[in-house]
Amino acid sequence: MLNITRVWFAVMLTALSLFFLASAQANVLQGIRVWPSPDETRVVIDVAEEVSFSYFSLSSPNRLVVDLKQTQSKAPLPMNVSDSPVLSKVRASTPPEKGTYRLVLELKTASDAQLFKLAPTPGGRYGHRLVIDLNHPSGASKQTQPVAKAPSATKSSASVSQPQPVKMPKARDILIAIDPGHGGEDPGSIGPTRKYEKTAVLSISQKLAQKLDAIPGITTKLTRRGDYFVNLNRRVAIAREADAHLLVSIHADAFTSPQPRGGSVFVLNTRRANTEIARWVENHEKQSELLGGSGTAFAGNINDRNVNQTLLDLQFSHSQKEGYKLATSILSEMGKVTKLHNNKPINTSLAVLRSPQIPSVLVETGFISNPTEERLLFQRDHQDKLVNALTKAIVQYLKENPPEGTGLAQVKPIWHKVVRGDALSLIAKRYGTSTQAIMKANNLTSSGLAIGQLLKIPNATSASSAPASAAHSATKTLVHTVASGEFLGKIATRYGVSVAAIKQQNNLRSDTLRVGQKLTLTVNVADLPLRRHKVTRGEYLGKIAAKYGVTVEAIRRENKLRSDELAVGQILNIPH
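Treat the numbers as computed from the prediction; the structure is a model and nothing was measured. (Residues numbered from 1 in each chain as written. Predicted model: local features only at pLDDT ≥ 70, side-chain atom pairs only at ≥ 80, totals over all residues. Heavy atoms only, no water.)

Enquirer: I'd like a description of the sheet that holds strand β5 (residues 71-73), backed by residues and values.
Expert: Taken in spatial order, the five strands make up an open sheet running β5-β1-β2-β10-β9, and their pairing is mixed. Whereas interior strands pair on both sides, the edge strands pair on one side only; in this sheet they are β5 and β9 (113-118). Within this sheet the neighbouring strands show an average axis-to-axis angle of 30 degrees, counted without direction. Pairing of strand β1 (residues 27-36) with β5, which is carried by three bridges, proceeds in the parallel orientation. In the sheet register, Val-28 faces β5, and the bridge partner there is Gln-72. (Pairing = 2+ DSSP bridges. Helix = DSSP H or I, 4+ residues; strand = E, 2+ residues; numbered from the N terminus. Axes fitted to C-alpha atoms, helices over the stretch in contact; angles between N-to-C directions.)

So this is what it looks like as structure tokens:
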């Protein structure tokens with residue numbers, strides 16, 4: 001009897017041990033996060049350990065059912081989702097077996113789902129995760145949208161044989177892809193006061209896009225417009241699909257200590273990174289890849305590996321060279337408004353820079369790990385200064401290296417006749433170009449000029465792009481109609497000319513004028529009476545400058561503007 005009792009106790013003890021062991025080993029669903037983006041809605045399921053799962057779809061209504069094996073939940077459910085075009089609710093449901101936790105994703109419409117697991121990130125920011133990507137049907141419909149058919153010509157036989165006019169190809173706008181780093185579940189680097197890199201760079205990128213869009217002949221494409229994650233390789237694909245001419249990725253740097261500060265620009269180099277900072281950035285990119293999962297940067301049929309490799313090498317060589325030029329231009333302008341950490345482009349190998357077709361740069365606007373720069377990166381005035389510098393650098397690069405087939409490449413050059421006192425630097429400043437560009441366009445081996453020499457000015461839209469400081473050498477001939485009460489002295493004072501010059505140009509033998517008489521005057525542009533413009537709703541400096549054929553900088557200088565913000569009804573002086 002005693003032996004039976006002992007055996008019974010041993011069996012019960014073993015059973016209880018197995019029960020408690022199984023309970024201790026059960027996985028835990030810790031939380032659910034939803035990140036809608038333009039192309040997809042991402043559902044991130046945080047779990048304590050790597051999870052085993054299965055899933056299936058149901059229709060009428062549309063649902064995605066996910067079973068998490070050996071899992072119990074601590075997540076508050078149900079969860080209603082209002083800002084996704086495809087997902088409306090996440091809830092729990094009756095599991096098919098004990099120990100399984102069943103999730104049901106209620107869908108507004110049918111959607112292709114991709115499920116994959118992600119390992120914990122270094123540093124412990126995120127643990128094990130199960131990710132569900134729900135594709136938005138609107139994105140798929142855009143890709144498969146049929147090409148519009150030509151109008152049918154069945155009304156008459158004459159319409160069939162009638163020759164169609166040949167349209168000349170229209171010059172393309174220059175398209176610049178702007179990539180705000182990180183986003184969504186990937187905050188990027190975090191500053192001393194817990195401010196996120198993703199927030200600062202999105203604000204800077206949106207301002208940069210707005211600034212560049214205001215320039216005629218330039219349009220932009222943002223890789224993300226809100227707080228959501230975009231796969232690193234998808235960012236390159238967005239630029240490639242838009243057929244972008246440039247890719248500018250905006251980031252904020254960080255380091256293990258708070259001392260480093262200043263801006264940097266990274267360019268692609270497939271060799272080892274040439275600074276410790278570059279290696280730090282590469283390591284952070286690997287962490288971002290862990291956050292978002294893997295992706296494919298380039299796709300296509302490879303029939304001849306050697307031929308394709310040669311073509312890729314040629315494309316990479318070109319995009320690397322152009323990216324280096326752009327990076328140098330950015331550093332030159334950015335150094336005027338903020339401290340630089342390195343005044344030369346830094347070599348690194350980052351996914352966002354690896355497009356063989358598109359010259360690309362990654363701009364580190366400052367160190368968010370530095371307390372002073374963390375504060376600056378979130379100040380509106382400092383962001384505006386950075387944006388102005390980036391805009392000026394990008395435009396300068398494009399003027400000197402206009403992409404083929406764009407309006408900037410088709411602009412006819414302006415010819416300048418050298419006069420006494422001219423110098424290459426003054427002429428370049430007047431027309432908004434560089435001395436190097438003028439020397440290259442005219443095959444000059446030195447900066448020496450001869451009076452009367454004709455110079456071709458490349459990439460200048462018109463002589464009116466000259467700053468006001470150079471306008472004293474520009475003249476304009478106009479016709480003035482004499483009004484009641486006017487006399488030669490009054491007219492001469494108004495236009496900044498002499499009475500003798502008016503009499504000589506109009507063959508006047510006396511100072512007597514009659515009302516309605518027309519006088520031809522040649523005046524300095526700088527001496528013309530100022531034009532006045534009243535700001536209306538929807539107007540901005542770029543639009544007003546284009547209307548009058550002057551530069552934004554000239555209007556800023558004339559009106560002593562400290563920012564580009566305008567008020568409806570504001571009166572602006574418009575220089576000639």
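Back to the text.
Enquirer: Run through the sheet that holds strand β11 (residues 174-180), naming residues and quoting values.
Expert: Ordered by their spatial adjacency, six strands build an open sheet running β12-β11-β13-β16-β14-β15, and the pairing between neighbours is mixed. With partners counted over all chains shown, the strands left at the sheet margins are β12 (218-222) and β15 (346-348), one partner each. Each strand axis lies, on average, 30 degrees off the axis of its neighbour in the sheet, ignoring direction. In terms of strand pairing, strand β13 (residues 246-253) meets strand β16 (residues 360-367) through six bridges, oriented parallel.

Enquirer: Which residues make up the pattern of salt bridges, and what values do they have?
Expert: If you walk through the whole model with that rule in mind, you get 21 salt bridges. Salt-bridge contacts for Arg-91 lead to Glu-106; the nearest nitrogen and oxygen are separated by 2.5 Å. Taken together, the positions of Arg-91 in strand β7 (residues 87-93) and Glu-106 in strand β8 (residues 101-107) put the pair 15 residues apart, joining distant regions of the chain. For Arg-91, a relative accessible area of 24% puts it in the partly exposed group. A salt bridge links Glu-333 to Lys-336; the nearest nitrogen and oxygen atoms lie 3.3 Å apart. For Lys-336, a relative accessible area of 57% puts it in the exposed group. Within the structure, one salt-bridge network assembled from shared partners comprises Arg-33, Arg-42, Asp-46, Asp-133 and Glu-185. (Salt bridge = Lys/Arg side-chain N within 4 Å of Asp/Glu carboxyl O. Buried < 20%, exposed > 50% of the residue type's maximum accessible area, 1.4 Å probe, protein only.)

Enquirer: Run through the pairing of strand β10 (residues 128-135), naming residues and quoting values.
Expert: Counting buried positions over the eight residues of β10 gives seven, a clear majority of the element. Sheet topology note: the strand β2 (residues 40-47)/β10 ladder contains eight bridges and is antiparallel. Counterpart to Ile-45 in the pairing with β10 is Leu-130. Direction of pairing for β9 relative to β10: antiparallel, over a ladder of six bridges.

Enquirer: Can you lay out helix α16 (residues 552-559) for me, pointing to particular residues and giving the numbers?
Expert: Two residues of an α-helix separated by three or four positions point the same way, owing to the 3.6 residues in each turn. Burial in α16 covers these residues: Ala-554, Ile-555, Arg-556 and Asn-559. Those residues of α16 that are buried lie in contact with α4 (197-213), α15 (541-548) and β22 (571-574). Just past α16, the residue Lys-560 takes up positive phi, approximately 55 degrees. (Contact = heavy atoms within 4.5 Å.)

Enquirer: For the nonpolar core, give the residues involved together with the corresponding values.
Expert: Among the nonpolar cores identified, the biggest contains 34 residues, and Ile-176, Ile-250 and Val-361 are the most heavily contacted of them. For this core, the elements supplying multiple residues, two or more each, are β11, α4, β12, β13, β14 (264-268), α7 (305-334), β16 and α9 (380-400). Top element by residues in this core is α9. It accounts for seven residues. Residues contacting Ile-176, with those up to four places away along its chain left out, are Leu-212, Ile-218, Thr-219, Thr-220, Lys-221, Leu-246, Val-248, Ile-394 and Leu-398. Listed in part, the 22 residues of the second largest apolar core include Leu-29, Ala-75, Leu-115 and Ile-132. (Core = buried A, V, L, I, M, F, W, Y, C linked by side-chain atoms within 4.5 Å.)

Enquirer: Got a sec to walk through the packing of α4 against α9? Specific residues and values, please.
Expert: Interaxial distance between α4 and α9 falls to 9 Å at its minimum, and their mutual angle equals 50 degrees. In terms of axis orientation, α4 runs oblique to α9. In the packing of α4 onto α9, the handedness of the crossing is right-handed. Where α4 approaches α9, its residues Ala-200, Ser-203, Ile-204, Lys-207, Leu-208, Lys-211 and Leu-212 are matched on the opposing element by Arg-380, Gln-383, Asp-384, Leu-386, Val-387, Asn-388, Leu-390, Thr-391, Ile-394 and Val-395. For the contact of α4 with α9, a count of residues per class yields nine nonpolar, four polar and four charged. (Parallel < 35°, antiparallel > 145°, perpendicular 65-115°, else oblique. Left-handed = near helix turned anticlockwise from the far one by under 90°. Nonpolar A, V, L, I, M, F, W, Y, C, P; charged D, E, K, R; others polar.)

Enquirer: I'd love a proper account of helix α11 (residues 424-431), names of residues and values included.
Expert: For α11, the set of buried residues is Leu-424, Ile-427, Ala-428, Arg-430 and Tyr-431. The arc enclosing the buried residues of α11, seen along the axis, measures out at 160 degrees, which places them on a common side. Buried positions along α11 lie against α9, β17 (414-417), α12 (435-441) and β18 (454-457). Taken from the residues just after α11, Gly-432 is the one with a positive phi, measuring 70 degrees. (Arc of directions from axis to C-beta.)

Enquirer: So what about the confidence of the model for the protein chain? Which residues, and what values?
Expert: Model confidence for the protein chain is summarised by a mean pLDDT of 77, while 74% of its residues fall at 70 or above. Element-level mean pLDDT values for the protein chain span from 39 in helix α3 (residues 157-161) up to 95 in β8. Note that pLDDT drops below 50 for residues 139-168; the model gives that stretch two contacts with residues more than four away or on any other chain. Within the model, the stretch residues 461-473 combines pLDDT values under 50 with 22 contacts to residues more than four positions away or in other chains. (pLDDT = per-residue confidence, 0-100.)

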